[in-house]
Amino acid sequence: MTTRPGPQAAAEPLRIAATFAEVEPMVRTGTDSNRIVVLQGQDEVTARAAAEQGSRNGDGPTPARPHKSPWRTLVVIPTYNEKDNLEPIVRAIHKYLDTDILVVDDGSPDGTGNIADRLAAADKRIHVLHRTGKQGLGTAYIAGFRFAIERAYERVCEMDADFSHAPWDLPRLVFASADAPLVIGSRYVPGGCTVGWELKRRLLSRGANLYTRTVLGSGIKDNTAGFRCFHTAALAKLDLSAVHAQGYAFQIEMAFRMVRAGFRVKEVPIHFVDRRVGKSKMDGKIAREALLLVPRLRGRVPKRRLAD
Ligand SMILES: Nc1nc2c(ncn2[C@@H]2O[C@H](COP(=O)(O)OP(=O)(O)O)[C@@H](O)[C@H]2O)c(=O)[nH]1
Ligand SMILES: [Mg+2]
């Protein structure tokens with residue numbers, strides 16, 4: 001399903017959920033997560049007032065204070081030319097979740113790396129990894145995963161810099177990870193959708209997922225999604241040096257490796273919104289990599305149970 005937010009959607013009243021667990025059935029049955037105030041221990045009057053204020057400011061249903069993750073969590077944000085997005089997304093994340101953040105910048109010509117350094121100098125929860133030249137999303141995430149494993153984080157999340165992934169959905173993913181080593185913010189389960197993408201991009205994403213589902217048969221509905229939360233302990237058991245994909249096929253490959261290793265994968269619905277500013281790095285080369293790699297994964301990825 002693809003929808004555009006109409007005037008009615010904006011006028012919908014805020015709904016209250018006592019916990020993140022209560023949010024999920026609401027979103028599955030059609031409530032936009034930006035209309036839900038999650039108490040998770042905060043008192044209702046204060047929480048509602050903060051969320052209403054946040055919604056008026058265009059920041060979504062901000063909590064009165066950021067939610068606390070039950071686990072030591074690192075959010076990895078890969079960046080390439082995201083100078084107008086990086087600081088706003090980092091601030092937005094910290095409104096919703098008290099978490100560490102790692103920016104993996106590939107020497108962005110627009111100076112995103114300098115912005116990341118400035119943010120890191122001002123907040124010890126923010127870290128930066130500078131790499132030389134554009135090396136692809138996949139290798140950026142692998143570097144982020146290794147950073148998380150080495151520093152004993154319990155959860156590592158993937159998130160784009162461009163506001164396609166809503167900051168209010170990040171704590172949903174983290175809380176949903178209680179019983180699943182991989183949680184995917186999914187556009188293709190009931191309650192999920194894309195907003196604002198042109199037909200060509202919609203068909204490409206739908207086609208890639210139909211193709212992947214048919215070839216791999218792993219049961220995952222949104223294989224290319226880049227909004228995820230992993231248990232670091234599960235990643236540490238995988239052979240990360242064996243991961244082939246460099247571009248977006250990386251997302252397909254990681255999900256498949258988790259399934260083959262016997263880890264539970266859970267999809268929670270999200271509304272994916274087209275990027276606010278800047279340009280997509282999606283190109284023909286990235287699509288071709290996925291087309292060629294997917295059939296090979298069946299032979300390459302070991303079917304060896306690593307889950308307890
Ligand atoms: N470090 C790094 N980040 C990248 C690279 N390619 C894309 N990104 C980042 O990955 C995220 C997703 O890319 P984007 O262009 O928005 O892809 P789209 O949402 O599929 O159109 C954004 O935060 C990009 O800045 C890369 O080669 N290296
Ligand atoms: Mg994007």
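Residues numbered from 1 in each chain as written. Chains lettered and ligands numbered in written order. Predicted model: local features only at pLDDT ≥ 70, side-chain atom pairs only at ≥ 80, totals over all residues.

Novice: How should the overall build of the protein be read in this particular structure?
Specialist: Tallying secondary structure elements over the protein gives eleven helices and 13 strands in all. Taken over C-alpha atoms, the radius of gyration comes to 18 Å for the protein, in line with the 19 Å a tight globule of 308 residues would show. The principal-axis extents of the C-alpha atoms in the protein amount to approximately 55 × 40 × 40 Å. For the protein, buried positions account for 45% of its 308 residues. Sequence separation of at least 24 residues holds for 78% of the intrachain contacts in the protein that already meet a minimum separation of 6. (Helix = DSSP H or I, 4+ residues; strand = E, 2+ residues; numbered from the N terminus. Rg over C-alpha atoms; globule rule 2.2 N^0.38 Å. Buried ≥ 20, exposed ≤ 12 C-beta atoms within 10 Å, placed from the backbone. Contact = placed C-beta atoms within 7 Å.)

Novice: Can you walk me through the nonpolar core in this structure?
Specialist: One finds Val75, Val76, Ile93, Val156, Cys157, Leu170 and Leu173 to be the most contacted residues of the largest nonpolar core, which totals 78 residues. With seven residues, helix α10 (residues 249-260) is the largest single contributor of residues to this core. Apart from residues lying up to four places away in sequence, Val76 is in contact with Leu102, Val104, Tyr141, Gly144, Val156, Cys157 and Glu158. (Core = buried A, V, L, I, M, F, W, Y, C linked by C-beta atoms within 7 Å.)

Novice: Looking at this structure, I do not really get the site of ligand 1. What am I missing?
Specialist: Around ligand 1 sit 21 residues in total, of which Pro78, Ala140, Ala161, Ser280 and Lys281 are the nearest. Sorting the residues of the shell around ligand 1 by element identifies β4 (73-79), β6 (100-105) and α6 (137-150) as the ones contributing at least two each. Across the shell around ligand 1, the residue classes tally to seven nonpolar, six polar and eight charged. (Near = placed C-beta within 6 Å. Nonpolar A, V, L, I, M, F, W, Y, C, P; charged D, E, K, R; others polar.)

Novice: Looking at this structure, how should I read the environment of Ala64?
Specialist: By the secondary structure assignment, Ala64 is in the loop between α3 (44-56) and β3 (67-68). For the pair formed by Ala64 and Glu82, sequence separation is 18 residues and the distance between their alpha carbons is 28 Å. Discounting residues that sit within four places of it in the chain, Ala64 has contacts with Gln42, Thr46, Ala47 and Ala50.

Novice: Which parts of the structure should I look at to understand helix α11 (residues 284-300)?
Specialist: Residues spaced three or four apart along an α-helix face the same direction, because each turn holds 3.6 residues. Over its 17 residues, α11 runs 24 Å from end to end, which matches the ideal 24 Å to within 8%, given 1.5 Å per residue. Along α11, the helix axis deviates most sharply at Val294, where the bend reaches about 40°; the proline Pro295 sits within four residues downstream. Every buried residue belonging to α11 is among Ile286, Glu289, Ala290, Val294 and Leu297, and all of these are buried. Buried positions along α11 lie against α8 (199-216) and α10. (Expected span 1.5 Å × (residues − 1). Bend = angle between axes of the 7 residues up to and from the residue.)

Novice: Looking at this structure, I do not really get the packing of α8 against α11. What am I missing?
Specialist: How two helices pack is summed up by the angle between their axes together with the distance between the axes. Packing of α8 against α11 leaves a shortest axis separation of 9 Å and a crossing angle of 15°. The angle between α8 and α11 falls in the class roughly parallel. Between α8 and α11 the crossing geometry is right-handed. The segment α8 lies against α11, with Leu204, Ala208, Tyr211, Thr212, Val215 and Leu216 engaging Ala287, Ala290, Val294, Pro295, Leu297 and Arg298. (Axes fitted to C-alpha atoms, helices over the stretch in contact; angles between N-to-C directions. Parallel < 35°, antiparallel > 145°, perpendicular 65-115°, else oblique. Left-handed = near helix turned anticlockwise from the far one by under 90°.)

Novice: Hey, could you run me through unusual backbone geometry in this one?
Specialist: It is generally the case that most residues other than glycine have a negative phi and that most peptide bonds are trans. Here the phi dihedral of Gln40 falls at roughly 45°; this positive angle occurs in a residue that is not glycine. Summarising the element assignment, Gln40 is placed in the loop between β2 (36-38) and α3. In this structure, Asn81 takes a positive phi of about 55° despite not being glycine. Of the residues examined, Asn81 has 18 C-beta atoms within 10 Å and is grouped as partly exposed.

Novice: Sorry if this is basic, but what is going on with the packing of helix α4 (residues 86-96) against helix α5 (residues 112-122) here?
Specialist: Direction vectors running N to C along α4 and α5 enclose 35°, while the axes themselves pass 10 Å from each other. For the pair α4 and α5, the contacting residues are Leu86, Glu87 and Val90 in the first and Thr112, Ile115, Ala116 and Leu119 in the second. Per-class residue counts for the contact of α4 with α5 are five nonpolar, one polar and one charged.

Novice: What am I meant to see in the sheet that holds strand β9 (residues 182-186) here?
Specialist: The strands making up a sheet associate through backbone hydrogen bonding, with each pair oriented either parallel or antiparallel. Taking strand neighbours across the sheet as the criterion, the seven strands line up as β7-β6-β4-β8-β11-β9-β12 in an open arrangement whose pairing is mixed. Sheet topology places β7 (126-130) and β12 (265-269) at the edges, where each strand pairs with a single neighbour. For this sheet, the mean inter-axis angle between neighbouring strands, taken without regard to orientation, is 20°. Pairing geometry for β6 and β7, over five bridges, is parallel. Considered in β7, the bridge of Ile101 is made with Ile126. (Pairing = 2+ DSSP bridges.)

By themselves, these figures tell us nothing about what the structure is for.
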